[in-house]
Amino acid sequence: MTLQYLFFDTYVGDFLQVVPVALLAGGLCLLVRVRLARRQGLLVRWPREIVMALFVCYLAGLWALVLTPNNLWTKVWYFLFYHQDSGNTITWLVLDPAQWSFDLSLSLFRRFTRENAGNMLLFLPMGIFLPLLWPRLGLGRTVGLSALISVAVELGQLLIGRAFDASDLILNTVGALLGALVLLALRRL
């Protein structure tokens, strides 16, 4: 396996491609929030601010990974590395419902794949960050809000030429539930 294959043709590579976007968003969030607190004469609560910045990193990474057109980041990085076009096409906006793709079959029950595991892992941090930042949410509301966010993501994907996948909704919600349960278990320890 070559480094080029890893970076441009694997799920790990897809993740690595969006890390700079996520880090930039989280860093800007931390900078702005700390400056605002200091300007208002408030004490900076560093643990909360760091968790908030990490949550913004996560959200920006999630957005960059699943709510941008297919091949966008590959095209960007390919150009930065090789100073030429990757040859991939990008669909920016699909407004015609006839072109939308729905996968309503629950394929996860027939065969559990790496992609299924990735969809669970994708929302695991959501189940950790939401109750960390807003403790009054509780387990039920955390999972419910995560499910709503997953629905919004799947609907948003229709607009950029990706498919709405019912299995992804279930897997994302289960991932958020697992994250919330992990946090709950760690708090009890």
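Residues numbered from 1 in each chain as written. Predicted model: local features only at pLDDT ≥ 70, side-chain atom pairs only at ≥ 80, totals over all residues. Heavy atoms only, no water.

1. Considerations on the overall build of the chain
Regarding its fold elements, the chain presents seven helices and two strands. For the chain, the C-alpha atoms occupy an extent of roughly 50 × 45 × 40 Å along the three principal directions. For the chain, with 189 residues in total, the buried portion stands at 36%. Sequence separation of 24 or more characterises 68% of the internal contacts of the chain that already satisfy a separation of 6 or more. Looking at the chain as shown, the accessible area adds up to about 11700 Å², and 68% of this sits on carbon and sulfur atoms. Charged side chains in the chain number 15 positive and 10 negative. The centres of these two groups are separated by 19 Å. (Helix = DSSP H or I, 4+ residues; strand = E, 2+ residues; numbered from the N terminus. Buried < 20%, exposed > 50% of the residue type's maximum accessible area, 1.4 Å probe, protein only. Contact = heavy atoms within 4.5 Å. Areas by Shrake-Rupley, 256 points an atom, 1.4 Å probe, with all protein chains shown as cover. Lys, Arg positive; Asp, Glu negative; His and termini not counted. Charge placed at Lys NZ, Arg CZ, Asp CG, Glu CD.)

2. A short note on the packing of aromatic side chains
Aromatic ring pairs are defined here through the distance separating the ring centres and the angle between the ring planes. This structure, assessed with the given rule, holds 14 aromatic pairs. Where Phe55 meets Tyr58, the ring centres are 6.4 Å apart and the plane angle is 25 degrees; that geometry is what we call stacked. With Phe55 and Tyr58 both in helix α3 (residues 46-66), this residue pair falls three residues apart, about one helical turn. As far as the burial class goes, Phe55 and Tyr58 line up, both buried. (Phe/Tyr/Trp six-rings, centres within 6.5 Å; stacked < 30°, edge-to-face > 60°.)

3. Observations regarding the nonpolar core
Grouped together as the largest cluster of nonpolar side chains are 14 residues, with contacts concentrated most on Phe55, Tyr58, Leu62, Phe123 and Met126. Per-element accounting of this core gives the leading share, six residues, to helix α5 (residues 114-133). With sequence-adjacent residues up to four places away left out, Tyr58 is seen in contact with Leu122, Phe123, Pro125, Met126 and Phe129. Counting residues in hydrophobic clusters, the runner-up holds nine residues, among them Phe8, Val18, Trp73 and Ile90. (Core = buried A, V, L, I, M, F, W, Y, C linked by side-chain atoms within 4.5 Å.)

4. Re the packing of α5 against helix α7 (residues 166-188)
Interaxial distance between α5 and α7 falls to 6 Å at its minimum, and their mutual angle equals 45 degrees. With respect to each other, α5 and α7 are oriented oblique. Between α5 and α7 lies a crossing whose hand is right-handed. On the side of α5, the interface is formed by Asn116, Asn119, Met120, Phe123, Leu124, Gly127, Ile128, Pro131 and Leu132, while α7 contributes Asp168, Leu171, Asn172, Val174, Gly175, Ala176, Leu178, Gly179, Ala180, Leu183 and Arg187. Grouping the constituent residues of the contact of α5 with α7 by class yields 12 nonpolar, six polar and two charged. (Axes fitted to C-alpha atoms, helices over the stretch in contact; angles between N-to-C directions. Parallel < 35°, antiparallel > 145°, perpendicular 65-115°, else oblique. Left-handed = near helix turned anticlockwise from the far one by under 90°. Nonpolar A, V, L, I, M, F, W, Y, C, P; charged D, E, K, R; others polar.)

5. Things to note about the confidence of the model for the chain
Confidence in the prediction of the chain, expressed as mean pLDDT, is 93, and 100% of residues score 70 or more. Mean pLDDT across the secondary structure elements of the chain bottoms out at helix α1 (residues 3-9), with 84, and peaks at helix α6 (residues 138-158), with 97. (pLDDT = per-residue confidence, 0-100.)

6. Some words on α7
Over its 23 residues, α7 runs 33 Å from end to end, which matches the ideal 33 Å to within 8%, given 1.5 Å per residue. Those residues of α7 lying buried are Ala166, Ser167, Asp168, Leu169, Leu171, Asn172, Thr173, Gly175, Ala176, Gly179, Ala180 and Leu183. Contact partners of the buried residues in α7: β1 (101-103), α5, α6 and β2 (163-165). Where α7 begins, the capping side chain belongs to Asp165, and its oxygen is found 2.9 Å from the backbone nitrogen of Ser167. (Expected span 1.5 Å × (residues − 1). Polar contact = N/O pair within 3.5 Å; in protein donor to acceptor, adjacent residues only side chain to side chain.)

7. Let's talk about unusual backbone geometry
Leaving glycine aside, a negative phi is the common case for residues, and trans is the common case for peptide bonds. A positive phi angle, near 75 degrees, is found at Asn71, a position not held by glycine. You can see Asn71 is positioned in the loop between α3 and α4 (72-82). Phi is positive for His83, close to 55 degrees, though the residue is something other than glycine.

8. Let's talk about the environment of Val182
Along the chain, Val182 falls in helix α7. Each C-alpha atom, one on Val182 and one on Phe123, is 13 Å from the other, the two residues being 59 residues apart in sequence.

9. Here we look at α4
Residues separated by three or four positions in an α-helix point in the same direction, a consequence of the helix having 3.6 residues per turn. All of the buried residues in α4 are Leu72, Trp73, Thr74, Trp77 and Tyr78. Looking one or two places after α4, you find His83, whose phi comes out positive at around 55 degrees.

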